[in-house]
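An overview of the molecular structure
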Amino acid sequence: MYSENQHLEFKQLWKDDHLKTICAFANGEGGRLLIGVDDNGAILGVDDAKSLLEILPNKINNKLALLVDVTENWQDGKNYIEISVQGTFAPVSYAGKFYKRSGSNTIELSGSNLTNFLLRKYGKTWDDIAEEKFSLADIDPDTIEKFKRLAKDRVPDIQDEQDIETLLRKLNLYDGDQLKRAAILLFGKNP
């Protein structure tokens with residue numbers, strides 16, 4: 001048997017608290033949860049395998065909205081349950097909280113870690129978010145002109161652009177009618 005790691009977790013018995021680990025696997029690259037195995041990887045066996053095979057797929061689907069593979073495996077005359085979880089594109093929560101694996105640990109995400117995780121799951125970064133507090137009045141025209149001079153070889157179609165809003169739209173620095181944070185970072189006026 002193997003040792004616990006980013007993609008593998010051992011549990012002697014099933015407890016609903018293990019849904020956190022399944023959630024963490026789904027929020028990462030996937031993984032396997034083995035029930036009936038001790039922390040050292042020794043197979044202890046499962047007494048209620050038939051019941052777990054019936055209950056767990058529905059419980060996991062109902063609580064996490066995940067379809068996972070739940071199988072009974074045998075080794076050295078002892079059985080264990082394997083729950084195979086695929087990584088997902090959308091974030092998965094358990095009881096309103098988000099979890100990820102870090103090494104062999106299941107970690108609850110909070111604060112900036114949660115924000116960055118959710119942004120990445122939705123294909124965004126911090127600087128790609130629209131910022132409603134800022135407008136074109138907060139953009140420094142001198143910085144725009146300096147950028148145009150420095151970028152003339154890389155982005156030649158902005159060289160002659162005189163309208164700041166059009167230029168920022170060409171650079172994909174708008175989200176609808178709002179400037180993205182990147183526009184403020186690049187061209188914002190100094191306070």
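Scroll up to find the structure.
Some remarks on the overall build of the protein
- The helix and strand tally for the protein stands at six helices and nine strands.
- For 191 residues, the compact-globule formula gives about 16 Å, and the C-alpha radius of gyration of the protein, at 25 Å, lies well above that figure.
- Each of the three principal axes of the protein carries a C-alpha extent, and together these read 75 × 30 × 30 Å.
- Taken across its 191 residues, the protein has 35% of its residues classed as buried.
- Looking at the protein alone, contacts between residues at least 24 apart form 61% of all its contacts between residues at least 6 apart.
- Split by element, the accessible area of the protein, about 11600 Å² in all, is 46% carbon and sulfur.
- One finds the centroid of the 25 positive side-chain charges in the protein at a distance of 2 Å from the centroid of its 31 negative side-chain charges.

Regarding the environment of Asp163
- Topologically, Asp163 is positioned in the loop between helix H4 (141-150) and helix H5 (164-170).
- Only 2.5 Å separates the side chain of Asp163 from the side chain of Thr166, close enough to count as a polar contact.

Here we look at the side chain of Glu9
- Locating Glu9 in the fold gives a position in strand E1 (residues 8-11).
- With relative accessibility at 6%, the residue Glu9 sits in the buried group.
- If we skip the residues at most four places from it in the chain, Glu9 touches Glu4, Thr21, Phe25, Arg32, Leu33, Leu34, Arg101 and Ser104.

Details of the sheet that holds strand E6 (residues 97-102)
- As summarised here, the arrangement of the three strands in space is E5-E6-E7, forming an open sheet in which the pairing is antiparallel. Of all the strands in the sheet, the pair left with one neighbour each is strand E5 (93-94) and strand E7 (105-108).
- With four bridges joining them, E6 and E7 adopt antiparallel strand pairing. For Tyr99, the partnering residue across the bridge sits in E7 and is Glu108.

Here we look at the packing of helix H1 (residues 19-27) against helix H2 (residues 49-64)
- Across the interface, H1 lies against H2 with an axial gap of 11 Å and an inter-helix angle of 65°. Taken together, the axis directions place H1 and H2 in an arrangement best described as roughly perpendicular. Considering the relative orientation of H1 and H2, their crossing is right-handed. Contact residues: Leu19, Ile22 and Cys23 in H1; Lys59, Ile60, Lys63 and Leu64 in H2.

A look at the nonpolar core
- Trp14, Ile22, Ile60, Leu64, Ile81 and Ile83 are the most contacted members of the largest nonpolar core, which totals 24 residues.
- The element that contributes the greatest number of residues to this core is H1, accounting for six residues.
- Residues contacting Trp14, with those up to four places away along its chain left out, are Leu19, Ile22, Leu33, Ile35, Leu52, Leu56, Lys59 and Ile83.

Overview of the environment of Arg32
- Among the structural elements, Arg32 can be located in strand E2 (residues 30-35).
- Those residues in contact with Arg32 that sit more than four places away from it in its chain are Tyr2, His7, Leu8, Glu9, Phe25, Glu82, Ile83 and Ser84.
- A polar contact is formed between the side chain of Arg32 and the side chain of Glu82, at a distance of 3.5 Å.

Calculation criteria
- Residues numbered from 1 in each chain as written.
- Predicted model: local features only at pLDDT ≥ 70, side-chain atom pairs only at ≥ 80, totals over all residues.
- Heavy atoms only, no water.
- Helix = DSSP H or I, 4+ residues; strand = E, 2+ residues; numbered from the N terminus.
- Rg over C-alpha atoms; globule rule 2.2 N^0.38 Å.
- Buried < 20%, exposed > 50% of the residue type's maximum accessible area, 1.4 Å probe, protein only.
- Contact = heavy atoms within 4.5 Å.
- Areas by Shrake-Rupley, 256 points an atom, 1.4 Å probe, with all protein chains shown as cover.
- Lys, Arg positive; Asp, Glu negative; His and termini not counted.
- Charge placed at Lys NZ, Arg CZ, Asp CG, Glu CD.
- Polar contact = N/O pair within 3.5 Å; in protein donor to acceptor, adjacent residues only side chain to side chain.
- Pairing = 2+ DSSP bridges.
- Axes fitted to C-alpha atoms, helices over the stretch in contact; angles between N-to-C directions.
- Parallel < 35°, antiparallel > 145°, perpendicular 65-115°, else oblique.
- Left-handed = near helix turned anticlockwise from the far one by under 90°.
- Core = buried A, V, L, I, M, F, W, Y, C linked by side-chain atoms within 4.5 Å.

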